[in-house]
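Architecture at a glance
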Amino acid sequence: MTADIVLRNVTLPTGRRADIAVADGLVRHVGAAVRADETIDCTGYTCLPGAVDMHVHMRGGVQAGKEDWRTGTTSAVAGGVTVVVDQPNTVPPITTPELLRARVREAEERAVCGFAVNAAVVPDADLAGMCRAGAMAFGETFAAPSSYGEGLDAETLRGLFDRIHALEGLVTIHAEEVSGPAPATLADHDRARSGAGEARAVQKIAGLAPAGMQLHFCHLSTAASVRAARGTVEVTPHHLFLSHDNFDPDDTRARVNPPLRDEKTRRDLWSCWDRIDVVASDHAPHTVPEKSVPFETAPSGIPGVETMVPLLMAAVQSGRITLASVIEKTSWKPAAILGIPHAGFEPGDRADYALYPDEITRIDASRLHTKCGWSPFEGLEAVFPEEVIVGGTRAYAHGDLREERPVWYPGRGYLPL
């Protein structure tokens, strides 16, 4: 056979070294060398399946000053992420099939990698219509207010869950309790949206869902919340790697929902590493001027899609976590939850890969690709990929975007028009 591209000398997760031959975006052969139009020598690199970031806010539309599909997905690919799942709290929110289709068309025109789009969960949303139109999942469903999302009460959630369950849909949950006046500092913000309240909200929401419903809890920030969850559990790099102790008390760049916790809570979250199903970025960029306001009125959200896997790869090199666990939590498990094709090292797998060197560097926001131009992870250790393959195409190499590979992944309920 002749392949489109061959990755030579790949060290597989089993420790075996082999060549991976790719044609038409899929793995066709693993083993001895075959002829190919293009080859990449993977000697000296760690080859990972492309990551699936199942929680991003790509902005665009009237919010294009913060981010758009092109800058956001370029940032994703530069960090080894080859599929992103966009959340529906856009302006306007994705509540109808027409709005969902328009969002997909916007992504098809601008994205450079794989993508999916979720449906908003509000009482007047056309959930069945959006399911047929290709919504990947329902939510981020807000059980507490957040930027561009209103919190829903228990009875409203119960009714919406029943409707989603009837559609056999996946529901993703933003679980928090909110109390007190507008916070003036990061510690105030932590108290107003406390870790204990988050754990109570997780338990309460799990009790509202019908038996057998597919529940996914987004961005849990404490060990107690992770242990309380029923269904699948997602955490973010910012809750794993940052605490509010790392910042000045009123630094709005670190304002995010759920809040950054104290250092002890951050360390405790790592104790749940084996229970965590998914690491996702909750990439939610705001511009520097938007963040440069008094803390009480600053928007919550931080960029993170490009730094997610590089932070974890540095943790692998330091011996804190295993490479296998990073592959599972950033690629294989999110793909399984979403029901999209698996990227990997066997014939028939989706041919998305990222090649990581052995060198640890430090995050420099000026070198990132997000339009917002800053990062809360500035100065932290990371390992960035030097080559990224999307759909069997060399999409990114040594700092430069080479080819665009926008591929839409519709949800299970999709019915083509």
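As a starting point, this report considers the structure included with it. Source: prediction; values computed, not measured. (Residues numbered from 1 in each chain as written. Predicted model: local features only at pLDDT ≥ 70, side-chain atom pairs only at ≥ 80, totals over all residues. Heavy atoms only, no water.)

A closer look at the sheet that holds strand β3 (residues 26–31)
- Overall, mixed pairing links the four strands, which are arranged β3-β2-β1-β4 in an open sheet. The open sheet terminates on both sides in strands that have one partner only, identified here as β3 and β4 (35–41). Along the sheet, successive strands turn relative to each other by an average axial angle of 25°, direction set aside.
- Pairing analysis gives five bridges linking strand β2 (residues 17–23) to β3, with the strands arranged antiparallel. Within β3, the residue paired with I20 across the bridge is V30. (Pairing = 2+ DSSP bridges. Helix = DSSP H or I, 4+ residues; strand = E, 2+ residues; numbered from the N terminus. Axes fitted to C-alpha atoms, helices over the stretch in contact; angles between N-to-C directions.)

With respect to the pairing of strand β18 (residues 393–397)
- Of all five residues making up β18, five are buried, and the element is well covered by its neighbours.
- Here strand β17 (residues 387–390) pairs with β18 via four bridges, running antiparallel. Directly across from V388, in β18, lies its bridge partner Y396.
- Connecting the antiparallel pair β17 and β18 is a turn made up of two residues, with G391 showing a positive phi of about 60°. (Buried < 20%, exposed > 50% of the residue type's maximum accessible area, 1.4 Å probe, protein only.)

Concerning helix α12 (residues 323–338)
- Here α12 spans 22 Å end to end across 16 residues, near enough to the 22 Å set by a 1.5 Å rise per residue.
- At K329, α12 shows its maximal kink, close to 40°.
- For α12, every residue scored as buried is listed here: S325, V326, I327, K329, T330, S331, P334, A335, I337 and L338.
- Phi turns positive one or two residues past the end of α12, at G339, with a value near 75°. (Expected span 1.5 Å × (residues − 1). Bend = angle between axes of the 7 residues up to and from the residue.)

A closer look at the packing of helix α4 (residues 154–166) against helix α6 (residues 195–208)
- Interhelical geometry of α4 versus α6 gives an angle of 45° and a closest axis separation of 9 Å. Put simply, α4 runs oblique to α6. The way α4 lies across α6 gives a crossing that is right-handed. Counting all contacts with α4, which are made through A154, L157, R158 and F161, the residues of α6 involved are K204, I205, G207 and L208.
- Of the residues belonging to the contact of α4 with α6, the class tally is five nonpolar, one polar and two charged. (Parallel < 35°, antiparallel > 145°, perpendicular 65-115°, else oblique. Left-handed = near helix turned anticlockwise from the far one by under 90°. Contact = heavy atoms within 4.5 Å. Nonpolar A, V, L, I, M, F, W, Y, C, P; charged D, E, K, R; others polar.)

Considerations on the state of the cysteines
- If you walk through the whole model with that rule in mind, you get zero disulfides.
- Looking at C218, it has no disulfide partner, and the nearest cysteine sulfur is the one in C272, 17 Å off.
- Classification of C218 by relative accessible area gives buried; the value is 2%. (Disulfide = S-S within 2.5 Å.)

Here's the deal with helix α9 (residues 263–270)
- Considered for burial, the residues of α9 that qualify are E263, T265, R266, L269 and W270. In a view along the axis of α9, the buried residues occupy a sector of 165°, so they form one face of it.
- Where α9 begins, the side chain of D262 points an oxygen toward the backbone nitrogen of K264, at a separation of 3.1 Å. (Arc of directions from axis to C-beta. Polar contact = N/O pair within 3.5 Å; in protein donor to acceptor, adjacent residues only side chain to side chain.)

A few points about the pairing of strand β14 (residues 353–356)
- Side chains Y353 and L355 of β14 all project onto a buried face; the interleaved residues A354 and Y356 project onto the opposite face, where all are buried too.
- Note that β14 and β17 share three bridges and pair antiparallel. In the strand pairing of β17, Y353 is matched with I389.

Some details on the packing of helix α11 (residues 308–317) against α12
- Contact geometry of α11 with α12 gives a least axis separation of 9 Å together with a crossing angle of 160°. By the angle between their axes, α11 is roughly antiparallel relative to α12. The two elements α11 and α12 cross, and the hand of that crossing is right-handed. Between α11 and α12, the contacting residues are V309, L312, M313 and V316 on the first element and L323, V326 and T330 on the second.
- Grouping the amino acids of the contact of α11 with α12 by side-chain chemistry returns six nonpolar, one polar and no charged.

Regarding the pattern of salt bridges
- The tally for this structure, following the rule as stated, stands at 24 salt bridges.
- The salt bridge partner of R8 is D19, with a shortest N-O separation of 3.2 Å. Of this pair, R8 sits in strand β1 (residues 2–11) while D19 sits in strand β2; the two residues are 11 residues apart in sequence, bridging distant segments of the chain.
- Here D19 falls in the buried class, since its relative accessible area comes to 11%.
- One salt bridge in this structure joins R253 and D251, with 2.8 Å as the shortest N-O distance.
- On the accessibility criterion, R253 (40% relative accessible area) is partly exposed.
- When salt bridges that share partners are traced, they join E38, E387, R394 and R402 into one network. (Salt bridge = Lys/Arg side-chain N within 4 Å of Asp/Glu carboxyl O.)

Everything listed here is a matter of coordinates, which is why it stays silent on function.
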